[in-house]
Amino acid sequence: MLLNWTVMILYNYFSAMFVGPGYVPLGWTPEKTQDCMYLQYCKACQSYKAPRSHHCRKCNRCVMKMDHHCPWINNCCGYQNHASFTLFLLLAPLGCIHASFIFVMTMYTQLYNRISFGWSSVKIDMSAAKRDPRAIIPFGLSAFAASLFALGLALGTTIAVGMLFIIQMKVILTNKTSIESWIEEKAKDRIQYYQTGETFIFPYDMGSKWKNFKQVFTWSGIPEGDGLDWPVRDGCHQYSLTIEQLKQKADKRVRSVRYRAVEDYSGVCCPVTKGVKTFFTTPCTEEPRIALSKGDLILATRGLKHWMYGEKILDSAADGGIRERGWFPRKCVEKCQYDSETDQPVDGEKKNR
């Protein structure tokens, strides 16, 4: 049985790793030219982002139905390998539960056979069993320590990977990825902030958990569709989500605040020269840091107490040109008094716009 667990775990693990999530073809454009207005354009891939696709900085490609980039498989979890990745998250805890049961029963039986009960004390003799015949595999003090350590690893893996499996099943049964769940939350915040009266309906939830489940898990092992076109629920169309993404992107530009760098920053993760608080409160994220030189302009979109995230506007970039995005220390920048694009004060204009 343990061999069966091992084979299935490794099969799904390497399938998720080497099959990959599936990538949007380079230079891809929708069949109808007028549909381009509903899509974002990826400058790195020189193509439009298909619905439900996102550009991965690690893979440097637009990934179809991207959920997240997983460092354990060194690949993205997306359209083609979502089922294999989820099965791996299911089988690994099951195998560890089986192994934990074996470890517990082994230690219990071996220790029970080595216990001597006296009138005033209980002694454990690890040299040899008192009741059973000689074991096939000797169980001494080192074997007990190794079994106890392996039991801890098995239980830890069961809890950690099992929680990831539960998270993945929740997004599968609602036919959402982790990124799309975040987009939906931001849509509610945007509507509430501007009081537009809109109602955002997630277009890819079929309304049935079984139908959503079948879009990922099939008997053939090949997911439904081509990863570019997706069935949508009534009242929505193929570009309902991408239109919402464009609205959020435009809203982020409006709500961003322009800053100017007053100190140089090398882009290191934990800068020692920027203060103790900045060093110990560095963001715990895979998102990059951006190097700053005195005088650089940055559009900040979000921030923490001692760090900010934004886009550095390059001097060589034209209108809407390439921007470097990442975190930088708050003490290295100061807020610009006027927005150069509108020549109006930045303070107080967020709510009005």
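It should be noted that the structure appears before, not after, this text.
Thresholds, definitions, all that
Residues numbered from 1 in each chain as written. Predicted model: local features only at pLDDT ≥ 70, side-chain atom pairs only at ≥ 80, totals over all residues. Heavy atoms only, no water. Helix = DSSP H or I, 4+ residues; strand = E, 2+ residues; numbered from the N terminus. Buried < 20%, exposed > 50% of the residue type's maximum accessible area, 1.4 Å probe, protein only. Contact = heavy atoms within 4.5 Å. Areas by Shrake-Rupley, 256 points an atom, 1.4 Å probe, with all protein chains shown as cover. Core = buried A, V, L, I, M, F, W, Y, C linked by side-chain atoms within 4.5 Å. Expected span 1.5 Å × (residues − 1). Patch = residues over 30% accessible without salt bridge, like charges linked within 9 Å, V, L, I, M, F, W, Y side chains within 5 Å. Salt bridge = Lys/Arg side-chain N within 4 Å of Asp/Glu carboxyl O. Lys, Arg positive; Asp, Glu negative; His and termini not counted. Charge placed at Lys NZ, Arg CZ, Asp CG, Glu CD. Axes fitted to C-alpha atoms, helices over the stretch in contact; angles between N-to-C directions. Parallel < 35°, antiparallel > 145°, perpendicular 65-115°, else oblique. Left-handed = near helix turned anticlockwise from the far one by under 90°. Pairing = 2+ DSSP bridges.

**Focus: the overall build of the protein chain**
Right, on to step 1. Within the protein chain one finds eight helices and 15 strands.
Right, on to step 2. Each of the 353 residues in the protein chain was classed as buried or not, and the buried ones make up 40%.
Right, on to step 3. Of all intrachain contacts in the protein chain linking residues separated by at least 6 positions in sequence, the fraction that spans at least 24 positions is 61%.
Right, on to step 4. Counting every atom, the protein chain has about 21000 Å² of accessible surface; 60% of that belongs to carbon and sulfur.

**Some thoughts on the nonpolar core**
Right, on to step 1. Formed by 24 residues in total, the largest nonpolar core has its most connected members in Val-24, Trp-28, Met-66, Leu-228 and Leu-241.
Right, on to step 2. Contributing elements (two or more residues each) for this core: strand E4 (61-63) and helix H4 (178-194).
Right, on to step 3. Ranked by the residues each element gives to this core, the list is headed by H4, at four residues.
Right, on to step 4. Beyond its immediate chain neighbours, meaning those up to four positions away, Leu-228 contacts Val-24, Pro-25, Trp-28, Ala-50, Pro-51, Met-64 and Gln-238.

**Some words on helix H1 (residues 2-19)**
Right, on to step 1. With 18 residues, H1 ought to run about 26 Å at 1.5 Å a step, and its terminal C-alpha atoms sit 25 Å apart, in line with that.
Right, on to step 2. Among all positions in H1, only Trp-5, Ile-9, Asn-12, Tyr-13, Ser-15, Ala-16 and Met-17 are buried.
Right, on to step 3. Its buried side turned inward, H1 meets strand E6 (75-77) and helix H2 (82-112).
Right, on to step 4. Among the residues trailing H1, Gly-20 stands out with phi positive, at a value near 80°.

**Re a nonpolar patch on the surface**
Right, on to step 1. On the surface, Leu-2, Phe-101, Ile-102, Val-104, Met-105, Tyr-108 and Tyr-112 cluster together into a nonpolar patch covering about 660 Å² of accessible area.
Right, on to step 2. Broken down by element, the residue count for the nonpolar patch peaks at six residues, all from H2.
Right, on to step 3. By secondary structure assignment, the location of Ile-102 is in helix H2.
Right, on to step 4. A relative accessible area of 32% means that Ile-102 is categorised as partly exposed.

**Thoughts on a positive patch on the surface**
Right, on to step 1. Residues Lys-43, Arg-57, Lys-186, Lys-249, Lys-252, Arg-253 and Arg-325 make up a contiguous surface patch of positive charge.
Right, on to step 2. The element best represented in the positive patch is helix H6 (residues 240-255), accounting for three residues.
Right, on to step 3. Turning to its location among the elements, Lys-249 is positioned in helix H6.

**Observations concerning the pattern of salt bridges**
Oppositely charged side chains are able to pair whenever their charged atoms sit close together.
Right, on to step 1. With the rule as written, the count across this model stands at nine salt bridges.
Right, on to step 2. Note that Arg-52 and Glu-180 form a salt bridge whose closest N and O atoms lie 2.7 Å from each other. Here Arg-52 is found in the loop between strand E2 (47-48) and strand E3 (54-56), whereas its partner Glu-180 is found in helix H4, with 128 residues between them in sequence. Each member of the pair, Arg-52 together with Glu-180, is buried.
Right, on to step 3. The shortest N-O distance in the salt bridge between Glu-263 and Lys-274 comes to 3.2 Å. Note that Glu-263 is positioned in the loop between strand E9 (257-261) and helix H7 (276-280) and Lys-274 in the loop between E9 and H7, a separation of eleven residues in sequence.
Right, on to step 4. You can call Glu-263 partly exposed: its relative accessible area is 28%.
Right, on to step 5. Here Lys-274 falls in the buried class, since its relative accessible area comes to 9%.

**With respect to the packing of H1 against H2**
Right, on to step 1. Following both chains from N to C, one finds H1 and H2 inclined at 155°, their axes separated by 9 Å at the closest point. Classed by the angle they form, the pair H1 and H2 counts as roughly antiparallel. Seen from above, H1 lies across H2 with left-handed handedness. Contacts between H1 and H2 pair Leu-2, Trp-5, Met-8, Ile-9, Asn-12, Tyr-13, Ser-15 and Ala-16 from the former with Ser-84, Phe-85, Leu-87, Phe-88, Leu-91, Ala-92, Leu-94, Gly-95, His-98, Ala-99 and Ile-102 from the latter.

**Brief notes about the pairing of strand E10 (residues 297-303)**
Right, on to step 1. With four bridges connecting them, E9 and E10 associate as antiparallel partners. Across the sheet, residue Tyr-259 finds its bridge partner in E10, namely Ile-298.
Right, on to step 2. As judged from the six bridges shared by E10 and strand E11 (residues 307-313), these two strands associate in the antiparallel manner. The residue of E11 that forms the bridge with Gly-303 is Met-308.

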